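Chain residues, written in single-letter form:
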Amino acid sequence: MLDPSPEGRRARRETPLTAAEPVLLRHDAEGIATLVLNRPAARNALSLALMNALQDALDAIREDDSVRVVVLKAAGPAFCAGHDLREMRADSSPETTDHLFRTCARLMTSLVRLPKPVIAQVRGIATAAGCQLVASCDLAICTAEARFATPGVQIGLFCSTPMVALSRVVPRKAAMEMLLLGEPIDAAEALRIGLVNRVVPADRLDACVADMAGRIAAKARKVLAVGKEAFARQGEMTLDEAYAYTAQVMTRNMAMADAQEGIDAFLQKRAPVWEG
């Protein structure tokens, strides 16, 4: 979804980056892959090129055993102002629009199903598809100045696709209030309803995200993958189905070398040495 707010409209009036400027940056260090949305002049609006670049990066990270955690952040003062309205209006044919939203759906689904935890690092606005992006990540840390919204209803285009991610991470009535009013909520409210995990001062954001990512990266990579997949799948099951499924997951996990090493290390009061 696009962002019809004043910030979003201002972003769409600004001059876009040159074609030579990469729309996505990637930096890897100590098991953490940091992906940076790099369209600051457009408030990091999700153009088709940016979504494709993100998808390619996630596909590569999926196969990269050196990566244990992904951090998703943005260049400039805004996290993401939604879809690129200029691009959408340049060709609003049903075929092109359908392709755009299918691309977005695949991207958001890939974030959920990626076998590595993903942390959203949010400054400024995260609106429409930008809010969807935050909701699709496993964890989110933002500054106190961050704002979140699903504002499509204000221009007659309900945020139906962002609704999918939003309604899965916040209570039903909180999601409906955001969707029906289309008004931004502040960081404190985002924390209260569970859209973000932590709110920190702006000058502590990098350090807080790095600390959390580092602590997760210190865990066994295969175990993180097992746990993330199980968390997503059991949430779609009945209570009985979920317990039957997770019992099987625990049994498979117990047979893994990392589980054996972890238990031995605990009993021997030493640090574990994970596979890989």
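Residues numbered from 1 in each chain as written. Predicted model: local features only at pLDDT ≥ 70, side-chain atom pairs only at ≥ 80, totals over all residues. Heavy atoms only, no water.

Colleague: Whenever I open this one, the sheet that holds strand β5 (residues 125-127) confuses me. Can you help?
Modeller: Whether parallel or antiparallel, the strands of a sheet pair through hydrogen bonds between backbone atoms. Taken together, three strands build an open sheet; the order of strands is β5-β7-β8 and the sheet is mixed. Here the strands that pair on one side only, and so sit at the sheet edges, are β5 and β8 (185-186). Note that β5 and strand β7 (residues 147-149) share three bridges and pair parallel. Paired with alanine 126 across the bridge in β7 is phenylalanine 148. Sitting on the sheet, helix α5 (residues 129-136) touches β5 and β7, and the angle it makes with β5 is about 95 degrees. (Pairing = 2+ DSSP bridges. Helix = DSSP H or I, 4+ residues; strand = E, 2+ residues; numbered from the N terminus. Contact = heavy atoms within 4.5 Å. Axes fitted to C-alpha atoms, helices over the stretch in contact; angles between N-to-C directions.)

Colleague: Where do I start with the confidence of the model for the protein in this structure?
Modeller: A low pLDDT score tells you not to read the predicted coordinates there in detail. Counting all residues, the mean pLDDT for the protein is 93, and 93% of those residues have values of 70 or more. Here residues 10-18 scores under 50 on pLDDT; set against residues more than four positions off or in separate chains, the count is 17 contacts. (pLDDT = per-residue confidence, 0-100.)

Colleague: When you look at the sheet that holds strand β2 (residues 32-37) in this model, what are you seeing that I'm missing?
Modeller: As summarised here, the arrangement of the six strands in space is β1-β2-β3-β4-β6-β9, forming an open sheet in which the pairing is mixed. Only two strands of the sheet have a single partner each, and these edge strands are β1 (24-29) and β9 (198-200). Averaged over neighbouring strand pairs, the angle between their axes works out to 20 degrees when direction is ignored. Direction of pairing for β2 relative to strand β3 (residues 69-74): parallel, over a ladder of six bridges. Opposite threonine 34, over in β3, you have valine 71 as the bridge partner.

Colleague: Help me understand the environment of glutamine 132, please; the structure alone is not making it clear to me.
Modeller: Structurally, the position occupied by glutamine 132 is in helix α5. Dropping the residues within four chain positions of it, glutamine 132 is found in contact with Cys104, Met108, Thr161, Pro162 and Ala165.

Colleague: Please explain helix α9 (residues 205-217) as it appears in this structure.
Modeller: Because an α-helix packs 3.6 residues into every turn, residues spaced three or four apart end up facing the same way. For α9, spanning 13 residues, the distance from its first C-alpha to its last is 18 Å, which sits close to the expected 18 Å at 1.5 Å a residue. Those residues of α9 that fall on the buried side of the exposure criterion are Leu205, Cys208, Val209, Met212, Ala213, Ile216 and Ala217. The buried residues of α9 all sit within an arc of 160 degrees when viewed along its axis, so they share a single face. In this fold, the buried residues of α9 make contact with β2, β3, β4 (118-122), β6 (139-143), β9 and α10 (221-234). (Expected span 1.5 Å × (residues − 1). Buried < 20%, exposed > 50% of the residue type's maximum accessible area, 1.4 Å probe, protein only. Arc of directions from axis to C-beta.)

Colleague: Would you mind showing me how to read the pairing of β3 here?
Modeller: Moving residue by residue along a regular strand, the side chains alternate between the two faces of the sheet. The buried fraction of β3 is high, at five of six residues. Taken together, β2, helix α2 (residues 48-62) and β3 form a β-α-β motif whose crossover is right-handed. For β3 and β4, the ladder comprises three bridges, and the chain directions are parallel. Bridge pairing in β4 places valine 70 opposite valine 118. (Right-handed = clockwise from strand over helix to strand, strands pointing away.)

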